[in-house]
Amino acid sequence: VTSPCKILKCNSEFWAATSGSHHLGTEEAPEFCTALRAYAHCTRRTARTCRGDLAYHSAVHGIDDLMVQHNCSKDGPTSQPRLRTLPPGDSQERSDSPEICHYEKSFHRHSATPNYTHCGLFGDPHLRTFTDTFQTCKVQGAWPLIDNNYLNVQVTNTPVLPGSAATATSKLTIIFKSFQECVDQKVYQAEMDELPAAFADGSKNGGDKHGANSLKITEKVSGQHIEIQAKYIGTTIVVRQVGRYLTFAVRMPEEVVNAVEDRDSQGLYLCLRGCPLNQQIDFQTIRSAQATEGRARRKGPSLPAPPEAFTYETATAKCREKLPVEDLYFQSCVFDLLTTGDVNFMLAAYYAFEDVKMLHSNKDKLHLYERTRDLAPGNRAPSGMPPTLWVALLCLSQCWLWLL
C-alpha cells in the first residue's frame, strides 16, 4: 500500500532547488523565497491526504518559520528556481562538535555511565518495550512509538492481506527536534520500497549548527538497512526493510526516554507504555496449524491465499534455521509464518534479534520467554502457578463473565 501523501516529494523538490542558497542573505538569493512559496503551495496540494502525518505537519511549521526568518512574502512567484549543488566545505562535512553535543561527555561528566534501554518493533507487529515487555499487537493505522522532548517516532501499520487482522509496518516517521547549538529539526521518513539514506530535506546530518555531525545517517545496506546516530542524546536507531515491510529498533538512555514536560501525554507512547490492552494479541494461544487454518477458512473464500502455506511443524522448522533458541522471537516467527505465509517475516524476527544483541545494554536479557499480554496490578499470576495454567484459568473466568 503506497501512501497518497506526497510530502516527501515536496521536501525533496525544495531541497533540490535551494541547496546552498540558505547560506546567503535574502537580497542575494531572492529565489529562496520563490522556492519557499512553491514549497508551501506543494504542501497545500497534499494537505488532505497528509492529515495525521508528522512529517507533513513538521514541514508546514518549518515553512512558516523560514518565511519569517528570511522576510519572505507569502504572495509572489512560485516557479521553481534552477537546481543548485552543495558548495565545497558545506556544513555536512564538519567533523567538530561542541561537548554539549555528545551525551556521555556533557550529561555525565561527574556521574555513572547512563542506563541504556531498548525498544523494537517488527513483524506482525511485535513490540519490545523499554521495560523489556514483549507484546504482539494489532495497532492498525498510525501510532506513536516514542514522544519525548527530543524526538517523535510514529509508525503506520497496514493489513498484510486485504481484510486480514495481521498487520505490519508500512511507514515510519522520525522527527528529531532542534537542540541548542547541536542540530536543526530533522525529519526522517521511510515507506515500503523506499528506505532513504538521508533526511527528508536531502541532508545526512543535523544541519547548519556547529554540532551538526552529532546527528548522522549511515547506509549499511542500500535500500535495506540504515542507522541513525544521535550522539547529542546518546541514541542509536536502526531501520530495516525486510521483504515489503519495515522494522525499527532503538537504543536510548533512560534519562532521554523519560524526558517529557507532561507525563500524562505519554499515555499512547507504545515503546514506554506498550500497546493498549484492546490492541494486544496473546499469540501463544495459537499452538497448532489447525487453529490457524481454521481461522483462515472462516475468513471466507474472497481473501487471497498466503504466498506459502505453512503447517505448525514446517513453520517451526523454518524458524529454527535462523532462531535456534525457542524464545519469544522464535515464537513470533512461527506465529507470523502461520498467519501470513511470508518467509520474510522469519527474517524480520531474525534481524530484530540481531538488533537486540547490538543495542541492548544487558546481555542477560537478550532472550525473553514470558507471555505477551501484561496483567494489570492485582491481576498477576499467583506465585508458584505455571503461567500456562494461569492463562487458562484467566480465559475461563473471562468466558464465564461473558456468559453471565
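Residues numbered from 1 in each chain as written. Predicted model: local features only at pLDDT ≥ 70, side-chain atom pairs only at ≥ 80, totals over all residues. Heavy atoms only, no water.

Looking up the protein chain in an unreviewed UniProt entry gives the name Repulsive guidance molecule A, with the organism given as Leptosomus discolor. For the record of the protein chain, the UniProt heading Sequence similarities (unreviewed entry) holds the text "Belongs to the repulsive guidance molecule (RGM) family." Looking at the Subcellular location (unreviewed entry) heading of the UniProt record, one finds this comment for the protein chain: "Cell membrane". (UniProt positions renumbered as here; feature names shortened; annotations may be inferred.)

Enquirer: Break down the overall build of the protein chain for me, with residues and values.
Expert: Within the protein chain one finds 11 helices and 12 strands. Here the protein chain holds 404 residues, and 50% of them are scored as buried. Counted over contacts in the protein chain with a minimum sequence separation of 6, partners at least 24 positions apart contribute 61%. When the accessible area of the protein chain is evaluated, it comes to approximately 19800 Å², of which 53% is carbon and sulfur surface. (Helix = DSSP H or I, 4+ residues; strand = E, 2+ residues; numbered from the N terminus. Buried < 20%, exposed > 50% of the residue type's maximum accessible area, 1.4 Å probe, protein only. Contact = heavy atoms within 4.5 Å. Areas by Shrake-Rupley, 256 points an atom, 1.4 Å probe, with all protein chains shown as cover.)

Enquirer: Explain helix H8 (residues 312–320) to me, and be specific about the residues and the numbers.
Expert: Listed as buried for H8 are Ala-315, Thr-316 and Cys-319. Axial view of H8: buried residues confined to an arc of 100°, hence all on one face. The secondary structure elements touched by the buried residues of H8 are helix H9 (328–340) and helix H10 (344–359). (Arc of directions from axis to C-beta.)

Enquirer: Residue-level account of the packing of aromatic side chains, with values.
Expert: Ring pairs (aromatic) are described by centroid distance and by the angle formed between their planes. Evaluated as defined, the whole model comprises 10 aromatic pairs. Pairing Phe-130 with Tyr-269 gives two aromatic rings, centres 6.5 Å apart and planes at 85°, and the pair type is edge-to-face. Here Phe-130, found in the loop between strand S2 (126–128) and strand S3 (134–137), pairs with Tyr-269, found in the loop between helix H5 (254–257) and helix H6 (270–273); they are 139 residues apart in sequence, far enough to count as distant. Note on accessibility: Phe-130 and Tyr-269 belong to one class, buried. Taken together, a centroid distance of 5.4 Å and an interplanar angle of 75° make the contact between Phe-134 and Tyr-329 edge-to-face. In this pair, Phe-134 sits in strand S3 while Tyr-329 sits in helix H9, placing the two residues 195 residues apart along the sequence. There is no split in this pair, since Phe-134 and Tyr-329 are both buried. (Phe/Tyr/Trp six-rings, centres within 6.5 Å; stacked < 30°, edge-to-face > 60°.)

Enquirer: Which residues make up the nonpolar core, and what values do they have?
Expert: Membership of the largest hydrophobic core comes to 47 residues, with the highest contact counts inside it found for Ile-146 and Ile-174. In terms of residue count, strand S11 (residues 245–253) provides more of this core than any other element does, 4 residues in total. Leaving out residues up to four positions away in the same chain, Ile-146 has contacts with Phe-130, Leu-151, Asn-152, Val-153, Phe-248, Val-250, Met-252, Tyr-269 and Cys-271. Of all hydrophobic cores here, the second largest spans 23 residues; its members include Ala-17, Leu-36, Tyr-39 and Met-67. (Core = buried A, V, L, I, M, F, W, Y, C linked by side-chain atoms within 4.5 Å.)

Enquirer: Please provide a residue-by-residue account of the pairing of S3, values included.
Expert: In the case of a regular strand, side chains alternate between the two sheet surfaces. Every second residue of S3 is oriented toward a common face, with Phe-134 and Thr-136 on one face and Gln-135 and Cys-137 on the other, all of them buried. With 3 bridges connecting them, S2 and S3 associate as antiparallel partners. By the bridge assignment for S3, Arg-128 is matched with Phe-134. Linkage of S2 to S3, two consecutive antiparallel strands, is achieved through a turn of 5 residues, within which Asp-132 is found at a positive phi near 65°. Bridge count for S3 against strand S12 (residues 280–281) is 2 bridges, and the pairing is antiparallel. Bridged to Cys-137 within S12 is Gln-280. (Pairing = 2+ DSSP bridges.)

Enquirer: Tell me about the state of the cysteines, residues and numbers included.
Expert: Within the structure shown, the criterion is met by 6 disulfides. The disulfide partner of Cys-101 is Cys-182, and the gap between their sulfur atoms is 2.0 Å. The chirality of the disulfide connecting Cys-101 with Cys-182 is left-handed, given an S-S dihedral of about -100°. Within this pair, whereas Cys-101 is found in the loop between helix H3 (54–69) and helix H4 (103–107), its partner Cys-182 is found in the loop between strand S6 (167–176) and strand S7 (186–191), the two being separated by 81 residues in sequence. With a relative accessible area of 2%, Cys-101 lands in the buried category. (Disulfide = S-S within 2.5 Å.)

Enquirer: Residues and numbers for the pattern of salt bridges, please.
Expert: Throughout the structure, instances matching the rule amount to 6 salt bridges. A salt bridge links Asp-355 to Arg-240, with the nearest nitrogen and oxygen atoms 2.8 Å apart. On the criterion of sequence distance, the pair formed by Asp-355 in helix H10 and Arg-240 in strand S10 (residues 235–242) is long-range, its members being 115 residues apart. In this structure, Asp-355 and Arg-240 share a single accessibility class: buried. Where Glu-354 meets Lys-357, a salt bridge forms, and the shortest distance between an N and an O atom there is 2.8 Å. Taken together, the positions of Glu-354 and Lys-357, both in helix H10 and 3 residues apart, correspond to about one turn of that helix. Residue classification places Glu-354 among the partly exposed positions, given a relative accessible area of 25%. (Salt bridge = Lys/Arg side-chain N within 4 Å of Asp/Glu carboxyl O.)

Enquirer: Mind laying out unusual backbone geometry, listing which residues take part and the relevant values?
Expert: Keep in mind that most residues, glycine aside, have a negative phi and that most peptide bonds are trans. Within the chain, Asn-71 stands out as a residue other than glycine whose phi angle is a positive 55°. Even without a glycine there, the phi angle at Gln-180 is positive, about 40°. Here Gln-180 is to be found in the loop between S6 and S7.

Enquirer: So what's going on with the packing of H9 against H10? Which residues, and what values?
Expert: Relative orientation of the contacting elements H9 and H10 amounts to 160°, with a least axis distance of 8 Å. Considered as vectors, H9 and H10 are oriented roughly antiparallel to each other. The interaxial crossing formed by H9 with H10 has right-handed handedness. Together, Tyr-329, Cys-333, Asp-336, Leu-337 and Thr-340 of H9 and Phe-345, Met-346, Ala-349, Ala-352, Phe-353 and Val-356 of H10 make up the contact between the two elements. Its residues placed into classes, the contact of H9 with H10 shows 9 nonpolar, 1 polar and 1 charged. (Axes fitted to C-alpha atoms, helices over the stretch in contact; angles between N-to-C directions. Parallel < 35°, antiparallel > 145°, perpendicular 65-115°, else oblique. Left-handed = near helix turned anticlockwise from the far one by under 90°. Nonpolar A, V, L, I, M, F, W, Y, C, P; charged D, E, K, R; others polar.)

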